[in-house]
Amino acid sequence: MRPDTPRAPIAGPDTGPASPFPIRLSGPVIKGFGRGSKELGIPTANIPPDGLDAYPSLESGVYYGVVALDPTRFVYDLAAEKAHTVDPAKEEAEQQTQQQSDSSAGAVATILPAVLSIGYNPFYKNTVRSVEIHIMPPLSSPSPTAAVPPGDDDNNNNNNNKQHRRPSFCKLPDFYSTQLNLLILGYIRPEYDYVSLEALVEDIRVDCEVARQSLRREAYAVYLEGGLASSALATGEVVQDKRWLTAFSATSLL
Ligand SMILES: Cc1cc2nc3c(=O)[nH]c(=O)nc-3n(C[C@H](O)[C@H](O)[C@H](O)COP(=O)(O)O)c2cc1C
Ligand SMILES: Nc1ncnc2c1ncn2[C@@H]1O[C@H](COP(=O)(O)OP(=O)(O)O)[C@@H](O)[C@H]1O
Ligand SMILES: [Mg+2]
């Protein structure tokens, strides 16, 4: 059960990802148990856990990192702060008629911050291990999971309703079967069982904020979109990791 202790606002060393991080994981987005969006209001993109075989001592728990999705299937427009999916069949037809496509011709993947859980979801007592990734808006956008200051709670204004506003989480258009690349950069906490669904949701909300604050540090921000620009911490290894993160083979169109 979750211990009744306060949460640290940042996780992992300030100097940047320490061994075994960064860990590269990749796979198509698969179906989970269908609880994330429906029960918790927190969609999680599940990928097969096979890639973890290379890290047999990696413990179950909550981690933060950065993700990219195959841009021939899913486009996140940073300037417009909007996302849309691409229908591969339509794209192919357009390419055959030599028309220029706005979305996928030479499209480059956008890197976004993420928080993820690896394990058996003790609250739900799963018997199979899952890797579930919640993608967040860029750090330059307002955080949907920021704590609501006391008094700003809509449901508590002007009446005696004791109900608190449920936190909102980032919701994107569905991108099942799209190839997802993930770099895990740090560990946040173990997975717990909870006294209630609300307590689980609140801890995941805090995980999102811990991940965002942790990724804001220079040695982690270099992994994000535009993060290499002026940093002395942008080493050759970081460049290689980002190249891997945003590389998608043409076969993922099939
Ligand atoms: C950041 C994060 C932290 C999580 N922490 C826990 C946890 O401590 N205990 C738990 O049982 N499940 C945890 N979960 C998993 C949720 O219970 C899970 O996302 C939900 O069951 C949805 O599963 P589904 O994708 O199969 O629908 C966490 C998920 C995320 C994204
Ligand atoms: N911010 C987000 N992070 C991850 N997945 C998202 C997000 N927004 C929408 N999705 C979509 O929601 C799906 C996951 O929803 P979820 O309720 O967890 O279903 P499942 O149990 O099938 O994983 C993802 O596969 C993806 O298509
Ligand atoms: Mg899921």
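See the structure shown above.
What counts, and where the lines are drawn
- Residues numbered from 1 in each chain as written.
- Chains lettered and ligands numbered in written order.
- Predicted model: local features only at pLDDT ≥ 70, side-chain atom pairs only at ≥ 80, totals over all residues.
- Heavy atoms only, no water.
- Helix = DSSP H or I, 4+ residues; strand = E, 2+ residues; numbered from the N terminus.
- Contact = heavy atoms within 4.5 Å.
- Polar contact = N/O pair within 3.5 Å; in protein donor to acceptor, adjacent residues only side chain to side chain.
- Near = heavy atom within 4 Å.
- Areas by Shrake-Rupley, 256 points an atom, 1.4 Å probe, with all protein chains shown as cover.
- 1 Å grid on protein atoms, 1.4 Å probe; cavity = no way out; pocket = protein on both sides within 12 Å on 5 of 7 lines; lining within 4 Å.
- Sits in = over half its atoms within 2 Å of the grid points.
- Buried < 20%, exposed > 50% of the residue type's maximum accessible area, 1.4 Å probe, protein only.
- Arc of directions from axis to C-beta.
- Donors = N, O, S within 2.8 Å, 3.2 Å for Na, K, Ca; no water.
- Tetrahedral: all angles 85-135°; square planar, octahedral: opposite > 155°, others 65-115°.
- Points joined across faces, edges and corners; volume = space filled by probe spheres on them.
- Nonpolar A, V, L, I, M, F, W, Y, C, P; charged D, E, K, R; others polar.
- Pairing = 2+ DSSP bridges.

1. Observations concerning the environment of Ser-117
Link 1 in the chain: Tracing the backbone shows Ser-117 in strand β6 (residues 112–119).
Link 2 in the chain: Taking C-alpha positions, Ser-117 is 9.5 Å from Arg-189, a pair spaced 72 residues apart along the chain.
Link 3 in the chain: Sequence-distant contacts of Ser-117, defined by excluding residues within four places in its chain, comprise Gly-61, Val-62, Ser-130, Val-131, Glu-132 and Glu-191.
Link 4 in the chain: A distance of 3.4 Å separates a polar atom in the side chain of Ser-117 from a polar atom in the side chain of Glu-191.

2. Focus on the site of ligand 1
Link 1 in the chain: Close to ligand 1 lie 23 residues; Phe-33, Arg-35, Phe-123, Glu-132 and Tyr-192 are nearest.
Link 2 in the chain: Backbone polar atom of Pro-122 to an oxygen atom of ligand 1: 3.1 Å apart, as the coordinates give it.
Link 3 in the chain: In this structure, Glu-132 approaches ligand 1 through a side-chain N or O atom, which is 2.5 Å from an oxygen atom.
Link 4 in the chain: For ligand 1, whose unbound accessible area comes to 630 Å², protein coverage reaches 99%.
Link 5 in the chain: Comparing atom positions with the cavity grids shows ligand 1 to sit within the largest pocket.
Link 6 in the chain: Of all the secondary-structure elements, those providing two or more residues to the shell around ligand 1 are α1 (36–40), β6 and α3 (197–216).
Link 7 in the chain: Among the elements that make up the shell around ligand 1, the one with the highest residue count is α3 (3 residues).

3. Description of helix α5 (residues 236–245)
Link 1 in the chain: Listed in full, the buried residues belonging to α5 are Val-238, Asp-241, Lys-242 and Leu-245. Axial view of α5: buried residues confined to an arc of 95°, hence all on one face.
Link 2 in the chain: Buried residues along α5 sit against β1 (23–28), β3 (61–69) and β8 (179–189).

4. Some points on the coordination of the magnesium ion (ligand 3)
Link 1 in the chain: At 2.2 Å from the magnesium ion (ligand 3) lie its protein donor atoms, namely Thr-44 (O), Thr-44 (OG1) and Asn-46 (OD1).
Link 2 in the chain: Seen from the magnesium ion (ligand 3), its 6 donor atoms lie at angles of 79 to 171°, and the figure they make is octahedral.
Link 3 in the chain: The exposure class of Asn-46 is buried, given its relative accessible area of 9%.

5. With respect to the layout of surface pockets
Regions of empty space are outlined by a rolling probe, equal in size to a water molecule, passed over the atoms.
Link 1 in the chain: Computed from the structure, the largest pocket encloses a volume of approximately 980 Å³.
Link 2 in the chain: For the lining of the largest pocket, the secondary-structure elements that each account for two or more residues are α1, β2 (45–47), β6, β7 (130–135) and α3.
Link 3 in the chain: When residues of the lining of the largest pocket are assigned to their parent elements, the largest contribution, 6 residues, is made by β7.
Link 4 in the chain: A per-class count over the lining of the largest pocket returns 28 nonpolar, 11 polar and 10 charged.

6. Details of empty space enclosed by the protein
Link 1 in the chain: As enumerated under the stated definition, the model contains 1 cavity of 30 Å³ or more in all.
Link 2 in the chain: Looking at the largest cavity, its volume works out to about 30 Å³.
Link 3 in the chain: What lines the largest cavity is simply His-134, Met-136, Pro-137, Ser-143, Pro-144, Thr-145, Phe-169, Cys-170, Cys-208 and Arg-212.
Link 4 in the chain: Of the residues belonging to the lining of the largest cavity, the class tally is 6 nonpolar, 3 polar and 1 charged.

7. Some details on the pairing of β3
Link 1 in the chain: Most of β3 is tucked away: 9 of the 9 residues are buried.
Link 2 in the chain: Of the pairings in the sheet, the one linking β3 to β8 comprises 8 bridges and is antiparallel in character. Bridge pairing in β8 places Tyr-64 opposite Gly-186.

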